[in-house]
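Each chain, written out:
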Amino acid sequence: MSLFKVSRPATWQACVSCGEEFLESQPVTRCGCGGLLEVRHRGIDASPAELQAAFRTRHQSVEGPYRSGVWRYRELVLPSAPADMIVTHPEGNTPLLERATVTSWTGLEFLRMKHEGHNPTGSFKDRGMTVGVTQARRANARAVACASTGNTAASMAAYAAQATLPAFVLIPRGGVSVGKLAQIHAYGASVIEVLGDFDDCLRVLEAVAPSLDIYLLNSINPFRVEGQKTVVYDLLDQLDWDPPEWIVFPAGNLGNTAAFGKALEEAFSWGLIPRLPRLAAIQAAGAAPFAAGFREGFARRHRVRAETIATAIRIGDPASWDRARVSIERTNGVVTTVTDEQILAAKRVVDHSGVGCEPASAASIAGARRLREEGLISRDDRVVAVLTGHILKDPGAILDDAEGPRVVAVEPTTEAVTRAIMTS
Ligand code: F0G
């Protein structure tokens, strides 16, 4: 259904392929033409300085939705959501960290890590999920569902529990780390293990969701993207709206790539930032269809059978390709790859700095190092790398790392313990 221009409300949905428009309240996940949808907002009736001041003031809130590092940017996210409908933990307001050992390993002078593992379920997914589940509630959804490599599912399960909505999760059997698996079960979601990969899970779920009247909460859902934009707003706020030259982050299903580009374009067009940072999307070498597309100027869409130790981004047919491509092109961005060895090396550096992250997140740091070595990022460029998930999400990656823990087992005697300490 198209909107009449005269009655156009403050927020609506539009197809990024054909431009067809939908009401904000319509629970559609794709346009009839097959294109992805995006949420659009009409201009905001406040100056950039007024908005920036309001975002900061709300940060001091002790109750209500403005405690959230998503909803304090409400005007940029979902202005129409009534406060009593918002399902918030709260989330966001994650730290922007600096560690000298990590900075010097990348060869940079200015590196900050935006640690999204500090979100309530341990990943950036909570930012999109607070908006997605709020929207599910506004649409009177009967149940919610997602396909996932683990983090989306854990996040959706938690927010659905808070909203008392049944949650269905499709995950690739054997493809989800133990930390995430435990979370999904603990929050009470119904888990369906699919004998296939993530791409199979999403393909099948998209096909069945409409007929089962289930609200789909993968990142093709445009409201999830609105929430994930706030990773960028949070880090810009922390840098006093003086944008870095680069934002570097791991890319799998490309929801974040889509969200970050949209966040930046909107921040620029609303006068919140004077220039656009460049986006650098980093894929695991064994799961890099988007990087292959980028090398060819996005002449065609690539699909691969994905394999990488970073299970979160083991994705071969990313759903948000079209929106992500726009993000890379409009920010003069780049897409590159890092090997599993480079991911693990970066993870050891981040972990040993006391910060810690899951393997997919370490792709950001490995990617920053690669782009610095290749000279694309200059030594004095200011770089923010997004760490997408918490260190405990994937304990197996630490314990199985050949260069990882060195365990000494001893008898319970003073001599044995003394010897163990002296020889360590
Ligand atoms: N980092 C982590 C820790 C993730 O869990 C994901 C995606 C990404 C990066 C990639 O982000 O898909 O927006 O490009 N995880 C999804 C999931 C696929 O199901 O949890 P993206």
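Residues numbered from 1 in each chain as written. Predicted model: local features only at pLDDT ≥ 70, side-chain atom pairs only at ≥ 80, totals over all residues. Heavy atoms only, no water.

Asks: Help me out: how do you make sense of the site of the ligand in this one?
Replies: If you check the shell around the ligand, you find 20 residues, and the closest are Ser-148, Thr-152, Gly-252, Asn-253 and Thr-388. Contact distances for the ligand include 3.0 Å between an oxygen atom and a backbone N or O atom of Gly-255. A molecule is said to occupy a pocket when more than half its atoms come within 2 Å of that pocket's grid points, and by this definition the ligand occupies the largest cavity. (Near = heavy atom within 4 Å. Polar contact = N/O pair within 3.5 Å; in protein donor to acceptor, adjacent residues only side chain to side chain. 1 Å grid on protein atoms, 1.4 Å probe; cavity = no way out; pocket = protein on both sides within 12 Å on 5 of 7 lines; lining within 4 Å. Sits in = over half its atoms within 2 Å of the grid points.)

Asks: It is not clear to me how the packing of helix α10 (residues 255-269) against helix α12 (residues 321-330) should be interpreted in this structure. Could you clarify?
Replies: At their nearest, the axes of α10 and α12 sit 7 Å apart, and the two run at 45 degrees to each other. Between α10 and α12, the angle is such that the two are oblique. Crossing handedness for the pair α10 and α12: left-handed. Every residue of α12 that contacts α10 at Thr-257, Ala-258, Gly-261, Lys-262 and Glu-265 is listed here: Arg-323, Ala-324, Val-326, Ser-327, Ile-328 and Arg-330. In terms of residue class, the contact of α10 with α12 is built from 4 nonpolar, 3 polar and 4 charged. (Axes fitted to C-alpha atoms, helices over the stretch in contact; angles between N-to-C directions. Helix = DSSP H or I, 4+ residues; strand = E, 2+ residues; numbered from the N terminus. Parallel < 35°, antiparallel > 145°, perpendicular 65-115°, else oblique. Left-handed = near helix turned anticlockwise from the far one by under 90°. Contact = heavy atoms within 4.5 Å. Nonpolar A, V, L, I, M, F, W, Y, C, P; charged D, E, K, R; others polar.)

Asks: Please clarify how the confidence of the model for the protein should be interpreted in this entry.
Replies: Reading predicted coordinates in detail is not appropriate for stretches of low pLDDT. Averaged over all residues, the pLDDT of the protein equals 95, while 98% of them reach at least 70. Segment residues 1-7: pLDDT under 50, and 13 contacts once partners within four positions in sequence are set aside and those in other chains are kept. (pLDDT = per-residue confidence, 0-100.)

Asks: Looking at this structure, how should I read helix α6 (residues 178-186)?
Replies: Residues three or four positions apart in an α-helix share a direction because the helix packs 3.6 residues into each turn. Among all positions in α6, only Gly-179, Lys-180, Gln-183 and Ile-184 are buried. Taken end-on, α6 shows its buried residues confined to a sector of 130 degrees, consistent with a single buried face. Opposite the buried face of α6, at more than 90 degrees from it, the exposed residues are Val-178 and Ala-186. One or two residues past the end of α6 sits Gly-188, with phi positive at roughly 95 degrees. (Buried < 20%, exposed > 50% of the residue type's maximum accessible area, 1.4 Å probe, protein only. Arc of directions from axis to C-beta.)

Asks: Please clarify how the environment of Ala-319 should be interpreted in this entry.
Replies: Mapping Ala-319 onto the fold places it in the loop between α11 (289-295) and α12. Judged by relative accessible area, Ala-319 falls into the buried class, the value being 9%. Leaving out residues up to four positions away in the same chain, Ala-319 has contacts with Leu-36, Leu-202, Ile-220, Asn-253 and Arg-301.

Asks: Quick question: what am I supposed to make of empty space enclosed by the protein here?
Replies: Any empty space left between the atoms is revealed when a probe the size of a water molecule rolls over them. If you walk through the whole model with that rule in mind, you get 1 cavity of 30 Å³ or more. Size it by volume and the largest cavity reaches roughly 330 Å³. Those elements that provide at least two residues to the lining of the largest cavity are α5 (151-162), α8 (222-228) and α10. Its residues placed into classes, the lining of the largest cavity shows 10 nonpolar, 15 polar and 3 charged. (Points joined across faces, edges and corners; volume = space filled by probe spheres on them.)

Asks: I would appreciate a short explanation of the sheet that holds strand β6 (residues 144-147) in the present structure.
Replies: Sheets are built from strands that pair by backbone hydrogen bonding, the pairs being arranged parallel or antiparallel. Read across the sheet, 4 strands follow the order β8-β7-β6-β9 without closing on themselves; strand pairing throughout is parallel. Looking along the sheet, the strands with just one partner apiece sit at the ends: β8 (190-194) and β9 (215-216). For β6 and β9, the ladder comprises 2 bridges, and the chain directions are parallel. Bridge pairing in β9 places Val-144 opposite Tyr-215. The sheet contacts of helix α7 (residues 198-208) involve β6, β7 (167-172), β8 and β9, and relative to β6 the element is tilted by about 145 degrees. (Pairing = 2+ DSSP bridges.)

Asks: So what exactly am I meant to see when it comes to α7 here?
Replies: All buried positions along α7 are accounted for by Phe-198, Asp-199, Asp-200, Cys-201, Leu-202 and Leu-205. One side-chain oxygen of the residue at the start of α7 lies 3.2 Å from the amide nitrogen of Asp-199, identifying that residue as Asp-197.

Asks: Sorry if this is basic, but what is going on with the layout of surface pockets here?
Replies: Put simply, the largest pocket is a space of about 390 Å³. Together, 16 residues line the largest pocket, and Glu-38, Lys-262, Glu-265, Val-326 and Arg-330 are the ones closest to its centre. The set of elements that each furnish at least two residues to the lining of the largest pocket consists of β3 (37-41), α10 and α12. Here the element with the most residues in the lining of the largest pocket is α10; it accounts for 6 residues. Looking at side-chain class alone, the lining of the largest pocket contains 5 nonpolar, 4 polar and 7 charged residues.

Asks: Sorry if this is basic, but what is going on with the pairing of β3 here?
Replies: Two faces make up the sheet, and in a regular strand the side chains alternate between them. Side chains Leu-37, Val-39 and His-41 project from β3 onto a buried face, and the interleaved Glu-38 and Arg-40 project onto a face without burial. The pairing of strand β1 (residues 11-15) with β3 spans 5 bridges and is classified as antiparallel. Directly across from Gln-13, in β3, lies its bridge partner Val-39.

Asks: Help me understand the state of the cysteines, please; the structure alone is not making it clear to me.
Replies: Here, disulfide denotes a covalent bond that connects the sulfur atoms of two cysteines. Going through the model one piece at a time under the given rule, you end up with 0 disulfides. Left unpaired, Cys-146 is separated from the closest cysteine sulfur, that of Cys-201, by 9.7 Å. (Disulfide = S-S within 2.5 Å.)

Asks: Mind showing me how you'd approach a nonpolar patch on the surface here?
Replies: Side chains of Val-408, Val-410, Val-417, Ile-421 and Met-422 sit close together on the surface and give an oily, nonpolar patch of about 480 Å² of accessible area. Relative to the elements of secondary structure, Val-408 occurs in the loop between α15 (395-399) and α16 (414-423). The exposure class of Val-408 is partly exposed, given its relative accessible area of 48%. (Patch = residues over 30% accessible without salt bridge, like charges linked within 9 Å, V, L, I, M, F, W, Y side chains within 5 Å. Areas by Shrake-Rupley, 256 points an atom, 1.4 Å probe, with all protein chains shown as cover. Salt bridge = Lys/Arg side-chain N within 4 Å of Asp/Glu carboxyl O.)

Asks: Got a minute to help me understand the pattern of salt bridges in this structure?
Replies: Two side chains bearing opposite charge may form a pair once their charged atoms approach each other closely. All told, the structure shown has 34 salt bridges when counted by the stated rule. Between Arg-379 and Glu-109 there is a salt bridge whose closest N-O contact spans 3.4 Å. Here Arg-379 is found in the loop between α14 (359-373) and β13 (382-387), whereas its partner Glu-109 is found in the loop between α3 (100-106) and β5 (110-115), with 270 residues between them in sequence. Taking the relative accessible area as the measure of exposure, Arg-379 reaches 42% and is therefore partly exposed. Look at the salt bridges and you will find they share partners, linking Arg-56, Arg-72, Lys-114, Glu-116, Arg-127, Asp-234, Asp-237 and Asp-240 into a network.

Asks: Please clarify how the packing of aromatic side chains should be interpreted in this entry.
Replies: Centre distance and the angle of the planes are the two values used to describe a pair of aromatic rings. Evaluation of the coordinates by the stated rule reveals 8 aromatic pairs. Aromatic side chains Phe-290 and Trp-321 sit 5.2 Å apart centroid to centroid with 80 degrees between the ring planes, which places their arrangement in the edge-to-face category. Residue Phe-290 is located in helix α11, and its partner Trp-321 is located in helix α12; the two are separated by 31 residues in the primary sequence. Residues Phe-290 and Trp-321 agree in their burial class; the two are buried. Put simply, the rings of Phe-55, Tyr-73, Tyr-233 and Trp-241 touch in pairs and so form one group of aromatic residues. Lying across the ring of Phe-110, Arg-382 places its NZ or CZ 5.0 Å from the centre. (Phe/Tyr/Trp six-rings, centres within 6.5 Å; stacked < 30°, edge-to-face > 60°. Lys NZ or Arg CZ within 6 Å of the ring centre and 35° of its normal.)

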